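Working through the structure, step by step
Given next are the chains, with one letter for each unit.
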Amino acid sequence: MMTASAPALSIRDLHKDFGAAQIIRGISLDVREGSFHAVIGPNGAGKSTFFNLISGRFAPTSGKILLGDTDISGMRPYRINRLGLSRSFQITNIFNEMSVFENIRCALMWPGRAGYCFWRRASGYRRIGAEAERLIDEIGLSARAGEKAGNLSYAEQRALEVGMTIAGDARVLLFDEPTAGMNHNEVEQFAGFLRKVAVGRTVMMVEHDMNVVFSLADRVSVLVYGQIIATGTPEEIRQDPAVREAYLGAEA
Amino acid sequence: MDTFAFAVVNGLLYGMLLFMLASGLTLIFSLMGVLNFAHASFFMLGAYFAFQLSSVGNFWLGLVLAPLLVGLLGATVERYGLRVVHRHGHVAELLFTFGLAYLIEELVRLVWGRQPVPYRIPEALDFPLFSIGGIDYSAYRGFMFAIAVLVFLGLLALLKRTRVGLMVQAALSHPDVLWALGHNVPRLFMLVFGGGVALAGLAGVIGGNYLVTEPGMAHQMGTILFVIVVFGGLGSLLGAFLASILIGILQTLMVAFDGTLTDLVVGLGGAAPQATGPFHEIWTITPANLAPVLPYLLLVVLLIVRPRGLLGTRET
Amino acid sequence: MTRSISLLLLGLLALSAALLLPLVSDSRFLTLFLTQLAVMVTFAMSYNVLLGQTGLLSFGHAVYFGGGVFAALYLITAIGGGALALPLEFVPLGGALAGLAMAAVLGLVSVRRAGTTFAMISLGMAELITAAAMVFPSVFGGEQGVSTDRMVDVTLTGLGYGRPSEIYLLVLVWALVSVALMVFLSRSPLGRMANAVRDNPQRVEFLGYDPYWIRFLQFCIAGTFAGLAGSLFALTFEIANAEVFGLRTSANVLIATYLGGITYVLGPVVGAFVVLLLELNLARITDAWLFYYGLLFLAIILFAPRGLTGILAGLPGALRRHGPASCLRRALVWGPAVLSGLVGGVMLVELSYHLSNSFDPSDPLRLFWRDVDATNWGVWALALGACALSAALVLRARRGGRRPQVVAAPMVEEGS
């Protein structure tokens, strides 16, 4: 487990201020290649901001983010995505007026080298079409492929959201509360699905459901008031007294 | 020098008139996210209502009633029109107000005809207040100025002193907070839309006889108005104020002066350029010719340099 | 299946017969109508590349149309004067290039933001260009405009293009090519990603695409075909002035496109057809036609955001869901209400228009095939009565129709 392979994602002394409010106050963290790394913490700790900084939605106030060897801090989201980092959103973020198939296909366009092409038909890209069908099957929406995404049920939309995130074989995936708003059964099913997806990839996940966290993650970081107070295996985190006091204790 | 001073004073007055429209437009935009395309149409309705009322009664009747009528109409439009299209998003709302502007213009043509109507300055105010260098400054302009200042102060007091004002202020800086406060938001929307539009109506009442009351006045005023709110920064009241005054003075100044590129070249000792060939007008354009182009030129340049506008914080 | 295919074939056959009618018929009205329709359809389709496909509401699309118009006018004159050895048939390419060039330059600034800001910039740009064009009569001809003569010696087909039916054929071919190309473009990867940008530009950024670049390319495509449409206009009318750049032209194409239905690829075709029909027929009957036109536009925005095509496309589904009997009942309840409202409203509008705009208000007014006196109170009472009747019928119909709405409400909750 403790091999010395280079980290897939490396964060160095990251800061983010909004005006006078310091939301992220110096995060340094290495995410190893192939690991499933969960970030937990109380509400308002800055978890979503942290993800928004990594994925390029906000530019950091100071600090560095390295994806492999490339410095991606302050890059536009689409450039970060092209370098192999893909993310999902806490609030479902899909193309409501388009069909499920179209949604997934849009996510596969850039990785499938369709680019800004306007001289060929989209349906002419057979590999993209086939991959879209396979992926829709994988997320269990085959029966709904022609349906408008806006008409799907909540759980189906969450599945579509994750489907769009994993499309295109990004090396690093960020999941922002993938099970938010699901009922117990759906969460269990979904956790199994996430485990399957994570094979061969590096995954970072913000999650509130501790059962999901402890069943999926091999590393856990605890974020409190914009700082990481502990990082370790799920077991270590469970035992850590500081974490128990700051977070788990308050939760129970 | 006197022409200059005169132009500045007139420009300031025009700017204040513009701000009476721009302030309502800005408030509506900040609160509801709707850029009211028909704002200048309500300005026009104010002028026509005042004309109608002054031909039945007198100017003072129009001054009081016309803005009220326009405000009432605005509230109705918000309640039964805007609120319906709201769920289809901002583009649909913008389209709706655009259609409304179109309709109001045709309605005005329908009821009052295509030609300008004889909406005149009240006789009680039709005398020179003072004169600079032999040019009279009419009492009516002084009256307009007083009204504009009163509106400005009233608006300030309303925003700083009342509950509604505080809520509007909160919404100006943090658009999402309003819903969290749990106030009666739909009623507030109706109130602000009606109020803002009534302000435009008042500007129409006092401006309609100063300018010309005709069916094209909404389009003319409307486009300038959008330049002002985009220029000042969408959603910024102070920005709208500065932009109103700036554009008011600039436009008046440009009309007041003549002189061409030819004059400049000759003045610098060159030979007068030949006035033939395509685009030869460039040598003979006066600033007055350019006055209608200038606001848009300013807008485009500003958007390239600073897309947020003068004092805006939001970009969309 | 075979039945629908044969129906489609029949429809296509009827359409091509209708489109080719001017070649054999002598009706100038029909020829002119179809020529104008072809121009309008091309223009409206190009507008929908922005509004329907990319979600960009523009108030300045006439700028690129106008660019095509003037480019074509000067091109035709140059060909006629022997300065250019380009066959007349290729003039639209010049218009398209002019539209593309203008869109490429102005688009750089325009598409930085979507939504309200884009709309305002497009308006500002249009006003700037219109005002500037007025300042340069040496190029844009001032009030009289620029005119040309399309009967030139250099043509590909040997046709003289003096007769309306000949120019119609040329315009029709270019319009059909344009429409086919635009439909093709909407199905390309760029077209699909444009739909994604329309729905959710932020998400697109996280899928590897730059929304700015997508908007820019779509803007250029729209500008190109608007320019082409402009050149078709120039070929048809051979004259234009600077007003072609103005808000009226932009508003016209916006309204036509939206009326037709922006969510359908061929919605603008329906819109252009209806608008042109209204313009040519309504304008002959009444001076207040622009008012009705605006009213129709507002009604569509409020009650049928998917446009006329949406209403037509929704009819078979509604018939199937509620059954013909229920649909007929609803039509019987709503029909009289709408009809009496229309009659009353039209009477009011026409009467007031006559009263305020005619030389002598007591002149007889031709209203619903009868001469009436607008100064007579009786007619006004009749008009108001019809409106009141309509209001009463609407109130009754709404009370009767409330039940199905309550049933429908939970379904909406579930879907969202």
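Definitions and cut-offs
- Residues numbered from 1 in each chain as written.
- Chains lettered and ligands numbered in written order.
- Predicted model: local features only at pLDDT ≥ 70, side-chain atom pairs only at ≥ 80, totals over all residues.
- Heavy atoms only, no water.
- Axes fitted to C-alpha atoms, helices over the stretch in contact; angles between N-to-C directions.
- Helix = DSSP H or I, 4+ residues; strand = E, 2+ residues; numbered from the N terminus.
- Parallel < 35°, antiparallel > 145°, perpendicular 65-115°, else oblique.
- Nonpolar A, V, L, I, M, F, W, Y, C, P; charged D, E, K, R; others polar.
- Contact = heavy atoms within 4.5 Å.
- Salt bridge = Lys/Arg side-chain N within 4 Å of Asp/Glu carboxyl O.
- Buried < 20%, exposed > 50% of the residue type's maximum accessible area, 1.4 Å probe, protein only.
- Pairing = 2+ DSSP bridges.
- Phe/Tyr/Trp six-rings, centres within 6.5 Å; stacked < 30°, edge-to-face > 60°.
- Lys NZ or Arg CZ within 6 Å of the ring centre and 35° of its normal.
- Buried area = accessible area lost by both parts, 1.4 Å probe.
- Core = buried A, V, L, I, M, F, W, Y, C linked by side-chain atoms within 4.5 Å.
- Lys, Arg positive; Asp, Glu negative; His and termini not counted.
- Expected span 1.5 Å × (residues − 1).
- Bend = angle between axes of the 7 residues up to and from the residue.
- Polar contact = N/O pair within 3.5 Å; in protein donor to acceptor, adjacent residues only side chain to side chain.
- Domains from an automatic or database assignment.
- Disulfide = S-S within 2.5 Å.

All right, on to the packing of helix H2 (residues 28-54) of chain C against helix H10 (residues 211-237) of chain C then. Residues and elements named next belong to chain C. As a packed pair, H2 and H10 sit with axes 9 Å apart at the nearest point and diverge in direction by 170°. One finds that H2 runs roughly antiparallel with respect to H10. When grouped by side-chain class, the residues that make up the contact of H2 with H10 number 14 nonpolar, 8 polar and 1 charged.

All names here are of chain C. Where H2 contacts helix H8 (residues 189-199), the two axes come as close as 8 Å, and the packing angle between them is 60°. Taken as axis vectors, H2 and H8 run oblique relative to one another. Contact residues: Gly 52, Gln 53 and Thr 54 in H2; Ala 194, Asn 195 and Arg 198 in H8. A breakdown of the residues in the contact of H2 with H8 according to their chemical character gives 1 nonpolar, 4 polar and 1 charged.

The tally for this structure, following the rule as stated, stands at 20 salt bridges over all chains. One salt bridge connects Arg 109 of chain B with Glu 105 of chain B, and the closest N-O pair in it is separated by 3.1 Å. Taken together, the residues Arg 109 of chain B and Glu 105 of chain B, both in helix H4 (residues 90-112) and 4 residues apart, mark about one turn of the helix. Assigned by exposure class, Arg 109 of chain B and Glu 105 of chain B land together as buried. Linked by salt bridges that have partners in common, Glu 105, Glu 106 and Arg 109 of chain B together with Arg 248 of chain C make up one network.

Before going further, it helps to spend a moment on the sheet that holds strand E4 (residues 62-67) of chain A. Residue and element names in this part refer to chain A. Across the sheet, 4 strands lie side by side as E2-E1-E4-E5; this open sheet has antiparallel pairing. Every other strand in the sheet has two partners, leaving strand E2 (21-32) and strand E5 (70-71) as the edge strands with one partner each. As paired elements, strand E1 (residues 7-18) and E4 share 5 bridges and run antiparallel to each other. Across the sheet, His 15 pairs through a bridge with Ser 62, a residue of E4.

Residues and elements named next belong to chain A. Of the strand pairs in this sheet, strand E9 (residues 219-224) and strand E10 (residues 227-232) are connected by 5 bridges, and their pairing is antiparallel. Residue pairing in the sheet places Leu 223 in a bridge with Ile 228 of E10. The loop that links E9 with its antiparallel partner E10 comprises 2 residues; one of these, Tyr 225, has a positive phi angle of about 45°.

The next thing to look at is the packing of aromatic side chains. Evaluated as defined, the whole model comprises 39 aromatic pairs over all chains. Taken together, a centroid distance of 5.8 Å and an interplanar angle of 70° make the contact between Trp 110 of chain A and Tyr 116 of chain A edge-to-face. For Trp 110 of chain A, a relative accessible area of 24% puts it in the partly exposed group. On the basis of relative accessibility, which here comes to 15%, the residue Tyr 116 of chain A falls in the buried class. With a centroid separation of 6.3 Å and 70° between ring planes, the pair formed by Phe 291 of chain C and Tyr 292 of chain C is classed as edge-to-face. An aromatic cluster is defined as three or more aromatic residues linked by ring pairs; in this entry it consists of Phe 37, Phe 98 and Phe 226 of chain B together with Phe 59, Tyr 258 and Phe 297 of chain C. We note Arg 79 of chain B situated over the ring of Tyr 80 of chain B; from NZ or CZ to the ring centre the distance is 4.9 Å.

This part takes up the interface of chain C and chain B. With 48 residues of chain C at the interface, the matching set in chain B holds 51 residues. Taken together, the two surfaces of chain C and chain B that pack against each other cover about 4,300 Å², and 77% of this comes from carbon and sulfur. Its largest share of buried area at the contact with chain B, chain C owes to Met 120, Phe 291 and Leu 302 of chain C, together 13% of the area lost on that side. Counting across the interface, chain C meets chain B through 2 salt bridges.

The next thing to look at is the nonpolar core. Core analysis: the largest hydrophobic core is formed by 275 residues, its most contacted members being Leu 160 of chain A, Phe 42 of chain B together with Phe 59 of chain C. The dominant element in this core, judged by the number of residues it contributes, is helix H1 (residues 2-32) of chain B, at 17 residues. Discounting chain neighbours no more than four positions away, the residues touching Leu 160 of chain A are Ile 94, Val 100, Asn 103, Ile 104, Ile 139, Leu 141, Ala 149 and Leu 152 of chain A. With 25 residues, the next largest nonpolar core counts Leu 14, Ile 24, Ile 27 and Ile 65 of chain A among its residues.

Moving on, we come to the side chain of Glu 177 of chain A. Residues and elements named next belong to chain A. Along the chain, Glu 177 turns up in the loop between strand E7 (172-176) and helix H6 (184-198). Although Glu 177 is buried, it makes no salt bridge; Lys 47 carries the closest opposite charge, 5.1 Å away. Once residues within four sequence positions are removed from consideration, Glu 177 is found in contact with Gln 90, Arg 158, Val 206, Glu 207 and His 208.

For helix H3 (residues 59-85) of chain B, spanning 27 residues, the distance from its first C-alpha to its last is 37 Å, which sits close to the expected 39 Å at 1.5 Å a residue. Of all the bends in H3 of chain B, the greatest measures close to 40° and is centred on Glu 78 of chain B.

A few words on the sheet that holds E7 of chain A. Residue and element names in this part refer to chain A. Reading across from one edge, E6-E7-E8-E3-E9-E10 is the order of the 6 strands in this open sheet, with mixed pairing throughout. Of all the strands in the sheet, just strand E6 (85-87) and E10 have a single pairing partner and so form its edges. Taken over all neighbouring pairs, the strand axes of this sheet differ in orientation by 20° on average, direction set aside. Where strand E3 (residues 36-40) lies against strand E8 (residues 202-206), 4 bridges are found, and the strand directions are parallel. Looking across to E8, one finds that His 37 is bridged to Met 204. Against the sheet, helix H5 (residues 154-166) touches E6 and E7, its axis set at about 160° to E7.

Attention now moves to the interface of chain A and chain C. Taken together, the contact pairs 38 residues of chain A with 27 residues of chain C. The three residues of chain A that bury the most area against chain C are Phe 95, Tyr 116 and Phe 118 of chain A, which together make up 24% of that side's buried surface. Between chain A and chain C we count 4 salt bridges in total. Notably, a salt bridge pairs Glu 97 of chain A with Arg 306 of chain C, separated by 3.4 Å at the nearest N-O pair. Taken together, chain A and chain C are joined by 20 residue pairs in polar contact (both at pLDDT 80 or more). For the side of chain A that touches chain C, the elements supplying multiple residues, two or more each, are helix H2 (77-82), helix H3 (100-109) and H5 of chain A.

Moving on: the domain arrangement of chain A. Residues and elements named next belong to chain A. Here chain A is partitioned into domain 1 (1-84 + 173-191 + 204-252) and domain 2 (92-169). The straight-line distance from the C-alpha centre of domain 1 to that of domain 2 is 27 Å. When the area that domain 1 buries against domain 2 is broken down by residue, the three leading residues are Arg 82, Phe 175 and Phe 190, summing to 46%. Mapped onto the side of domain 1 that touches domain 2, the elements with two or more residues apiece are E7 and H6.

Glancing now at the arrangement of the chains. Most contacts, compared over the 2 pairs of chains touching, are made between chains B and C. A gap remains between chain A and chain B, with no contact made and the closest C-alpha atoms lying 12 Å from each other.

We now examine the environment of Ser 356 of chain C. Its location among the elements puts Ser 356 of chain C in helix H14 (residues 307-357). Owing to a relative accessible area of 28%, Ser 356 of chain C belongs among the partly exposed residues under this scheme. Not counting residues up to four positions away in its chain, the partners in contact with Ser 356 of chain C are Leu 110, Val 111 and Trp 112 of chain B.

A few words now on the pairing of strand E3 (residues 364-367) of chain C. All names here are of chain C. Judged by which residues are buried, E3 turns out to be one-sided: Leu 365 and Leu 367 face inward and are buried, whereas Pro 364 and Arg 366, on the alternate face, are not. When E3 meets strand E4 (residues 370-373), the two strands line up antiparallel, connected through 4 bridges. Opposite Leu 365, over in E4, you have Val 372 as the bridge partner. Linkage of E3 to E4, two consecutive antiparallel strands, is achieved through a turn of 2 residues, within which Phe 368 is found at a positive phi near 50°.

Here a disulfide denotes one covalent bond, and it connects the sulfur atoms of two cysteines. Enumeration over the complete set of coordinates arrives at 0 disulfides over all chains. Not part of a disulfide, Cys 117 of chain A finds its nearest cysteine sulfur in Cys 106 of chain A, a span of 14 Å. Its relative accessible area of 3% is what places Cys 117 of chain A among the buried residues. You can see Cys 220 of chain C has no disulfide; the closest cysteine sulfur is in Cys 117 of chain A, sitting 16 Å from it.

Along an α-helix, residues three or four apart share an orientation, since each turn contains 3.6 residues. Residue and element names in this part refer to chain C. Across its 14 residues, helix H11 (residues 247-260) extends 20 Å between first and last C-alpha, which sits within 8% of the 20 Å expected from 1.5 Å per residue. For H11, the buried fraction is high: 12 of the 14 residues fall into the buried class. Among all positions of H11, only Leu 247, Thr 249, Ser 250, Ala 251, Val 253, Leu 254, Ile 255, Ala 256, Thr 257, Tyr 258, Leu 259 and Gly 260 are buried. Gly 261, located one to two residues past H11, shows a positive phi value of around 120°.

Right, let's get into the environment of Phe 59 of chain B. Residues and elements named next belong to chain B. Topologically, Phe 59 is positioned in helix H3. For Phe 59, a relative accessible area of 6% corresponds to the buried category. Sequence separation between Phe 59 and Tyr 119 is 60 residues, and the spatial gap between their C-alpha atoms is 9.4 Å. Excluding anything up to four places from it in sequence, Phe 59 contacts Ser 54, Tyr 119, Pro 122, Tyr 140, Phe 143, Val 205 and Asn 209.

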